[in-house]
Amino acid sequence: MSDRIAFESTKKQAIETARTRLLVGGSLMAAAFFVVGVRLFDLAVFNENEDLRRAASREIARPTPMARADIVDRNGVLLATSLKTASLFADPRKIADPADTAHRLIEILPDLSEEVVAARLGSGKSFVWLRRNLTPRQQFEVNRLGIPGLEFEKEERRVYPHGRLAGHIVGFTNVDNVGLSGIEKSMDAAIAGAKTPLRLSIDIRVQQILRQELAGQIEKFKAIGGGGIVLDVESGEVVAMVSLPDFDPNAAGQAGADTRFNRMTLGVYELGSVFKIFNHAIALETGVATFASRYDATKPIRVARFTISDYHPKKSWLTVPEIFQHSSNIGSAKIALDIGSDDQRKYLGHLGLLRRTSIELPEQGLPMYPARWREINTMTISFGHGIAVSPLHLTSAVAAVVNGGILRPATLVEHDAKTTDGVQVFSAQTSDRMRRLLRLVVETGTGRNADAKGYLVGGKTGTAEKQVNGSYKRNALISSFVGVYPITAPRFVVFAMLDEPKGIKESYGYATGGWTAAPVVQGVVARMAPLFGIAPLDETAPDIRHAININAQPAIGNRSDAVN
Amino acid sequence: MPFTRADTSILGQWWWTVDRWSLAAIAALMAFGALLAAASSPAVAERIGLDEFYFIKRHFMLLPVAIAMILAVSAMTPTQVRRMAVIAFLGCIVLLTATLLFGIEIKGARRWLSIAGFSLQATEFVKPMFAVVAAWLFSEAAHDPRFPGRLICTALFATVIALVIAQPDLGQAVVITGVWMAQFFLAGLPMWLVAGLVVLGVSGLVGSYFTLSHVASRIDRFIDPKSGDTYQIERSIEAFSSGGLFGRGPGEGQVKQVLPDAHADFVFAVAGEELGLFVALFIVTLFAFIVLRGMSRAMSEQNLFIMLAVSGLLVQFGMQALINMGSSLQLIPTKGMTLPFISYGGSSLLGVALGLGMTLALTRRRLGSGAST
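Model, not experiment: these values are computed from the prediction. (Residues numbered from 1 in each chain as written. Chains lettered and ligands numbered in written order. Predicted model: local features only at pLDDT ≥ 70, side-chain atom pairs only at ≥ 80, totals over all residues. Heavy atoms only, no water.)

Colleague: Help me understand the overall build of chain B, please; the structure alone is not making it clear to me.
Modeller: When its secondary structure is counted, chain B shows 14 helices and three strands. A buried classification covers 53% of the 373 residues belonging to chain B. A separation threshold of at least 6 residues defines the contact pool for chain B, and within that pool the share at least 24 residues apart is 71%. Accessible surface, chain B: about 15400 Å² in total, of which carbon and sulfur atoms supply 69%. (Helix = DSSP H or I, 4+ residues; strand = E, 2+ residues; numbered from the N terminus. Buried < 20%, exposed > 50% of the residue type's maximum accessible area, 1.4 Å probe, protein only. Contact = heavy atoms within 4.5 Å. Areas by Shrake-Rupley, 256 points an atom, 1.4 Å probe, with all protein chains shown as cover.)

Colleague: What is the right way to read the side chain of T259 of chain A from this model?
Modeller: All names here are of chain A. On the secondary structure map, T259 appears in helix α10 (residues 257–260). Judged by its relative accessible area of 16%, T259 is buried. Those residues in contact with T259, other than ones at most four positions away along the chain, are H168, P245, D246 and F247.

Colleague: What is the right way to read the pattern of salt bridges from this model?
Modeller: Side-chain pairs of opposite charge can arise whenever the charged atoms involved come near each other. Residues and elements named next belong to chain A. Counted under the stated rule, the structure contains 36 salt bridges over all chains. In this structure, E539 engages R439 in a salt bridge whose closest nitrogen and oxygen atoms are separated by 3.3 Å. Placement of the pair is E539 in the loop between α19 (518–528) and α20 (542–548) and R439 in helix α17 (residues 428–444), with a sequence separation of 100 residues. Assessed through its relative accessible area of 1%, R439 is described here as buried. Note that E443 and R545 form a salt bridge whose closest N and O atoms lie 3.0 Å from each other. Of the two residues, E443 sits in helix α17 while R545 sits in helix α20, which places them 102 residues apart along the sequence. A single network of salt bridges, built from pairs that share partners, joins R439, E443, D451, K453, E539 and R545. (Salt bridge = Lys/Arg side-chain N within 4 Å of Asp/Glu carboxyl O.)

Colleague: I tried to follow the pairing of strand β2 (residues 78–90) of chain A on my own but got confused; where do I start?
Modeller: Side-chain positions along a regular strand alternate between the two faces of the sheet. Residues and elements named next belong to chain A. The buried fraction of β2 amounts to ten of the 13 residues, a majority that puts the element mostly inside the structure. Note: strand β1 (residues 71–72) against β2, two bridges, orientation antiparallel. The residue bridging I71 from the neighbouring strand is A80, located in β2. Between β1 and the antiparallel strand that follows it, β2, lie five residues; G76 among them carries a positive phi value of about 85°. As defined by bridge partners, β2 adjoins strand β4 (residues 150–159) across ten bridges and the pair is classed as antiparallel. (Pairing = 2+ DSSP bridges.)

Colleague: Even after reading the chapter, I still don't get the interface of chain A and chain B, so can you show me in this structure?
Modeller: A common way to express how large an interface is: the accessible area buried when the components associate. Taken together, the contact between chain A and chain B spans 37 residues of the former and 53 residues of the latter. Surface buried jointly by chain A and chain B totals about 3900 Å² across both partners, of which 72% is contributed by carbon and sulfur atoms. It is R21, L22 and F33 of chain A that lose the most area in chain A upon contact with chain B, and together they represent 20% of the buried surface on that side. At the boundary of chain A and chain B, one finds six residue pairs in polar contact (both at pLDDT 80 or more). At the level of elements, α1 (2–45) and α2 (48–54) of chain A are the ones that each hand at least two residues to the side of chain A that touches chain B. Split by residue class, the side of chain A that touches chain B holds 20 nonpolar, six polar and eleven charged. (Buried area = accessible area lost by both parts, 1.4 Å probe. Polar contact = N/O pair within 3.5 Å; in protein donor to acceptor, adjacent residues only side chain to side chain. Nonpolar A, V, L, I, M, F, W, Y, C, P; charged D, E, K, R; others polar.)

Colleague: Where do I start with a nonpolar patch on the surface in this structure?
Modeller: A cluster of nonpolar side chains, V198, V202, V206 and F210 of chain B, forms an exposed patch at the surface whose accessible area comes to about 380 Å². Tracing the backbone shows V198 of chain B in helix α8 (residues 191–211). (Patch = residues over 30% accessible without salt bridge, like charges linked within 9 Å, V, L, I, M, F, W, Y side chains within 5 Å.)

Colleague: I keep staring at the confidence of the model for chain A and nothing clicks. Help me out?
Modeller: Atom-level detail of predicted coordinates should not be read off regions where pLDDT is low. Residue and element names in this part refer to chain A. On average, residues of chain A score 86 in pLDDT, and 91% of them reach the 70 mark or higher. When pLDDT is averaged over each helix and strand of chain A, the minimum, 47, is found for α2 and the maximum, 96, for strand β18 (residues 492–499). Long-range and interchain partners of residues 52–63, a stretch whose pLDDT sits below 50, account for 23 contacts in this model, where long-range means more than four residues apart. For residues 556–564, every residue scores under 50 in pLDDT, and the model assigns this stretch 33 contacts once sequence neighbours within four places are set aside. (pLDDT = per-residue confidence, 0-100.)

Colleague: Teacher, can you tell me more about the environment of S241 of chain B here?
Modeller: Note on placement: S241 of chain B falls in helix α10 (residues 231–243). The buried category is assigned to S241 of chain B, whose relative accessible area is 7%. Once the C-alpha coordinates of S241 of chain B and G272 of chain B are considered, the two residues, 31 residues apart in sequence, prove to be 8.2 Å apart. Reaching out from S241 of chain B, the side chain makes a polar contact with the backbone oxygen of L43 of chain A at a distance of 3.4 Å.

Colleague: I would appreciate a short explanation of the nonpolar core in the present structure.
Modeller: Nonpolar side chains tend to gather and get buried jointly when the protein is soluble and globular. Residue and element names in this part refer to chain B. Grouped together as the largest cluster of nonpolar side chains are 123 residues, with contacts concentrated most on F268, F287 and F341. In terms of residue count, the dominant contributor to this core is helix α12 (residues 267–299) (17 residues). Not counting the four nearest positions on each side in its chain, F341 is found in contact with I26, L29, M30, G33, H59, I70, F317, L349, V352, A353 and L356. (Core = buried A, V, L, I, M, F, W, Y, C linked by side-chain atoms within 4.5 Å.)

Colleague: Please explain the sheet that holds strand β2 (residues 109–115) of chain B as it appears in this structure.
Modeller: Sheet strands associate in pairs through backbone hydrogen bonding, adopting either a parallel or an antiparallel arrangement. All names here are of chain B. Strand order in this open sheet of three strands is β1-β2-β3, and the pairing throughout is antiparallel. Two strands close off the open sheet at either side, each with one partner strand: β1 (104–106) and β3 (118–120). Each adjacent strand pair in this sheet contributes to an overall mean axis angle of 40°, direction not counted. In terms of strand pairing, β1 meets β2 through three bridges, oriented antiparallel. Each bridged residue has a counterpart across the sheet, and for I106 the counterpart in β2 is A109. (Axes fitted to C-alpha atoms, helices over the stretch in contact; angles between N-to-C directions.)

Colleague: Explain the packing of aromatic side chains to me, please; I cannot follow it from the model alone.
Modeller: Here the distance between the centres and the angle between the planes together describe a pair of aromatic rings. One pass over the structure, following the stated rule, counts 23 aromatic pairs over all chains. Between Y347 of chain A and F426 of chain A the ring centres are 5.7 Å apart and the planes differ by 5°, which places this aromatic pair in the stacked class. Within this pair, whereas Y347 of chain A is found in helix α14 (residues 341–350), its partner F426 of chain A is found in the loop between β15 (423–424) and α17, the two being separated by 79 residues in sequence. Overall, F426 of chain A belongs to the buried group, its relative accessible area being 1%. A connected cluster of aromatic rings, assembled from ring pairs, spans F89, F130, F138, F157, W180 and F184 of chain B. The lysine or arginine in question, R132 of chain A, covers the ring of W129 of chain A, its NZ or CZ lying 4.3 Å from the ring centre. A cation over an aromatic ring shows up here: R20 of chain B above the ring of W15 of chain B, its NZ or CZ 5.4 Å from the ring centre. (Phe/Tyr/Trp six-rings, centres within 6.5 Å; stacked < 30°, edge-to-face > 60°. Lys NZ or Arg CZ within 6 Å of the ring centre and 35° of its normal.)

In structure tokens form, the structure reads like this:
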């Protein structure tokens, strides 16, 4: 009996113990479920950091992020972007009737060949592409066919809203979004990895102005092509760059090789008299000549089998400014002889004319110059023959001449800083003198057609015969003009070039730089200056006259009938 | 109302005594399980070369069996439950031994026994049966100190654990150990022994870390994700993030395309991705509800056997759910464990059905049981 009571009390005690301990166990369980709930909440709501951390290797369980960043101009205008599209593929093992499927697909996608599609669908493989990048409507139509085995892969397609306007600069990609040319190629990795748009230095408005002006002159003078560059002299930023004929990067595959050729960076040309800018600058910098120096230009120079003559001979002694103003080859060659081969080569090297440019484009031509720099080479190089550089080389070097003498690397990517570090090539004084000479050419010399009233354009014409198969062709010209404005405090270098322009009645049969390219610069300057807040000036104001005055007695007076 | 209180038929009595709230929660879990099996398994079936609807068909074939099993077992009396459990437990020991001898080896482990075209995982059945047997032995020991219930129970536990670890199936061994220790704890295990068992359990895990290389590698990867391939768990975490609050919609998920066990071990990730946070939280709540409600009913029990058996069965049910969800959410190292009623898996479904059937049977209101709340 007492045993039984003892059992009963043990039993009661055991139940009490179990009850208390069950409370502990139950609480632990409840806590564990609570933790699971909190973690769920955390993952579903606060998942931002997880996203970023894993973003790199992400393809499943999340909509794919855009693979390539946008490219925009200096004002944020879209130049290249990516559109999400669907690409159609098939699992031929699941296609019951290849012929019928092909037939129905052709009705939606008429650009496909029915035979090719039917063959692919009947191939028995497990995966065949049918067409990349369908429009949403096409995708809808294909879906509506309801054919099993046709499936879509989400893809991106690169789109260039401005088409051919910036085709040579922006470039294009292949169907797998790998850059094949232009910025798309040279900065492929950066664009593919970037989260924010890549901002270029170009201004699409200036690009349009430059292209329109060039196209007009090319048509007028029946040229086979042309090109132009607008460069910021302080930052080295390319504000516009056009090469014609051009191509539409949205359909780069159909573009011919000649249209994809960028004359401004990949083409190298003997640019002729525009090189006299460097010859004069070197002479003034090294001190071999001053504005007062005079040279005998009465008769052509004969060296070995070569004859150096002037386009329109003055047959007299000329001062240094007059040699520039009338673009005298004889005078320039004599100045070059005074400079000497070594100094000429050294300074052209400092100006970046003997090496690759720093521009962010894969399409770049290397300068061509004599391996052995003889006296005859020195003389011809002084007026731009016997040396071939790309127009970008020239533009960049001219900017260095006029901006106070500092060569800054040319770039297509926008800078945050106003100016960039550069290399001092000429003194500020030489630069100032060169600006006066450049203005002289536009005011009273060969470049009067470039004079955009009020914007104080300075510049130099260049007309060179093209070398074809080793000999110069008399009627195949590279006519160019390089302008700088406003000459009192330069902001931009504007270069324009026409490839094989033909003389017309209006130009009295001439196809020289002054007739063909200078009007392009005039048009571009007049139209772009307001966009950059550059107001027209009174050119007759005393302080401006003072800034561009040449203090030298003319040898023959400011005659202005020279054409080259 | 199908039955009046005055109805004294077996069915009528069952309806008025069974815990209808738990029954409803179980039905809801089964419904989610059916939905997720349909959503997740075709991708898995296709990947391993089976008919797309292979798993769906099997799941829907077994579901009525499981429902019938729950209902039938829940109509039993506690004594019938105990007798069935003891007999079934002995059967399971035989099956476990047979598994080791004749089992199918998959990925280096022998866990499956093929009987008449069905593959059977005896471990899923031994878990609930052993919980009831252990409850009986512990309660007898408490009633009569002269009965060596604890000793017998410990011996049985050692036998079961040895058979499970030999497969090897460490996850199930952890669950069985956890249940057994919880029951021992409730049955009045002295506190110094509780402490000792905790130390033993921890050293057991540490020991397996150093002796079993696949365990070591999983734990390494949990502690330092860079030390190895964490592909599955990363995809799982992504799935929850991608699902957000409302999910991508049933069938719209991506994670099932890449996770080999999307229909079983990672089914909760599919739920999170396709159904979203709110439904996932609702599923967690259903599990918690069944466990906590059952435990609260057990607390008002006057019968120690019932209290221990119900607690053991619910701890097993809850632990399995927590381990599965915890793995998917990277709260604990990845451990292959089915989510009761939600994961695909025949043996798991039937085993859990038996366990909850017994729970419902034991928590039914009985005259004089004190469970009158």
